[in-house]
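Take a look at the letters that make up each chain.
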Amino acid sequence: MQSQHEQANPPTAPTPEIGHEQRLCALVQSSETLMAALRAIRSLGLHSWCLGAGIIRAMVWDHLHGYHEPSSVPDADVAFFDALAPHGLDVQLAQQLSALLQGFRWEVVNQAQVHTWYPTVFGQEVAPLTSLVDGLATWPETATCVGVYLDLDDGLHVVAPFGLSDLFEMRLRHNPRRVPFEAFMHRVRSKRFLERWPKLTLCST
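Thresholds applied
Residues numbered from 1 in each chain as written. Predicted model: local features only at pLDDT ≥ 70, side-chain atom pairs only at ≥ 80, totals over all residues. Heavy atoms only, no water. Pairing = 2+ DSSP bridges. Helix = DSSP H or I, 4+ residues; strand = E, 2+ residues; numbered from the N terminus. Axes fitted to C-alpha atoms, helices over the stretch in contact; angles between N-to-C directions. Contact = heavy atoms within 4.5 Å. Buried < 20%, exposed > 50% of the residue type's maximum accessible area, 1.4 Å probe, protein only. Polar contact = N/O pair within 3.5 Å; in protein donor to acceptor, adjacent residues only side chain to side chain. Salt bridge = Lys/Arg side-chain N within 4 Å of Asp/Glu carboxyl O. 1 Å grid on protein atoms, 1.4 Å probe; cavity = no way out; pocket = protein on both sides within 12 Å on 5 of 7 lines; lining within 4 Å. Points joined across faces, edges and corners; volume = space filled by probe spheres on them. Nonpolar A, V, L, I, M, F, W, Y, C, P; charged D, E, K, R; others polar.

A. Region of the structure containing the sheet that holds strand β2 (residues 76-80). Taken together, the five strands give an open sheet; going across it, the order is β3-β2-β1-β4-β5, and neighbouring strands pair in mixed fashion. Lying at the two open borders of the sheet, with one neighbouring strand each, are β3 (106-110) and β5 (156-159). Averaged over all neighbouring strand pairs, the angle between strand axes comes to 30°, with direction disregarded. Bridge count for strand β1 (residues 49-52) against strand β4 (residues 147-150) is two bridges, and the pairing is antiparallel. Counted as the bridge partner of Leu51 is Val148 from β4. Packing of helix α2 (residues 32-42) onto the sheet brings it into contact with β1, β2, β3, β4 and β5, and relative to β1 it is tilted by some 155°.

Now the structure itself:
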C-alpha cells in the first residue's frame, strides 16, 4: 500500500487509501480487545504474521453501521508465513494463544503450508504460496483480505493486498483467486452478510 513516505511532496489531504489505513489503525487502537490479541500474537515471536479476516472486517462494518455492540465473530484468524516451520506448529501456537488470552477461538494458519493440506480438505490442488501477502490475497472477499500486526515498538501496520476501499466503502466483492463464485455466494448467505450489515453493496464483478 502506498504511504506518505513514498512521496516527496505529499498532498495536503491524504489519498483515500492512506485515509482508510489511518482510520483502520485508529479503530483497532481504540479496541482494548483487539490490542490485547495483537500483543498476545506478537509475543509468539513470529517473523511474518497478522490478525485478519472476519474479526477486522466485522469491526469496520459494525463501526460504519453505527452499531454499539460488536458482532459475534467465531474465530480470531492469525495468518503467518514460515517455510521452515514444522508441521503441527499451527496447533501449538493456537494452544499458546488460548493460554495467553481467553475469550477467542484462535485459528492459526501457516500460509507456507496451505498447499500441503488444501487438497485433502477442499479437494483442489493449489500452488504453494510465496508470502504472507500472497496468502491473504486468496481469501474469498476482497474486503476480507485485510490484516494488521503490531511491531516491537507498538506500531500498528496494515496488510491489504487489494487495498481498503472495498472494506470502507462496504462493497462485498468476490475474490476469484481461489474460491469459486458459487462458494462465495454460499458464504454471503450462510454468514448473513447482507442481513447483518444492510448498507453493504453486493458487487457482481
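Read on for the rest.
B. The environment of Arg171, seen in detail. Here Arg171 shows up in strand β6 (residues 171-172). In this structure Arg171 comes out as partly exposed when scored by relative accessible area, which is 22%. Separated by 10 residues in sequence, Arg171 and Pro161 have C-alpha atoms that sit 16 Å apart. Filtering out sequence-adjacent residues up to four positions away, Arg171 remains in contact with Trp61, Ala143, Ser165, Asp166, Thr201 and Cys203. Within the structure, the side chain of Arg171 is placed 2.4 Å from the side chain of Glu169, a separation counted as a polar contact.

C. Quick look at the pattern of salt bridges. In the structure shown here, the tally under the stated rule is nine salt bridges. Here Glu141 ties to Arg187 by a salt bridge, and the two come within 2.5 Å at their closest N and O atoms. Of the two residues, Glu141 sits in the loop between α6 (132-136) and β4 while Arg187 sits in helix α8 (residues 181-190), which places them 46 residues apart along the sequence. On the basis of relative accessible area, Glu141 is assigned to the buried category, the value being 0%. Two residues, Asp166 and Arg171, come together in a salt bridge whose shortest N-O distance is 2.5 Å. Assessed through its relative accessible area of 11%, Asp166 is described here as buried. The structure contains a network of salt bridges with shared partners spanning Asp166, Glu169, Arg171 and Arg173.

D. Region of interest: the layout of surface pockets. Looking at the largest pocket, its volume works out to about 970 Å³. In terms of lining, the largest pocket is formed by 33 residues, of which the most central are Asp77, Phe122, Trp139, Pro140 and Arg187. Put simply, the parts of the chain that give the lining of the largest pocket at least two residues each are α3 (54-64), β2, β3, α5 (114-122) and α8. Broken down by element, the lining of the largest pocket gets its largest block of residues, four residues, from α5. Tallied by class, residues from the lining of the largest pocket come to 18 nonpolar, seven polar and eight charged. One number sums up the size of the second largest pocket: a volume of about 440 Å³. For the second largest pocket, the lining is made up of 23 residues, of which Ile55, Met59, Asp62, Pro70 and Ser71 are closest to its centre. Those elements that provide at least two residues to the lining of the second largest pocket are α2 and α3. Split by residue class, the lining of the second largest pocket holds 11 nonpolar, eight polar and four charged.

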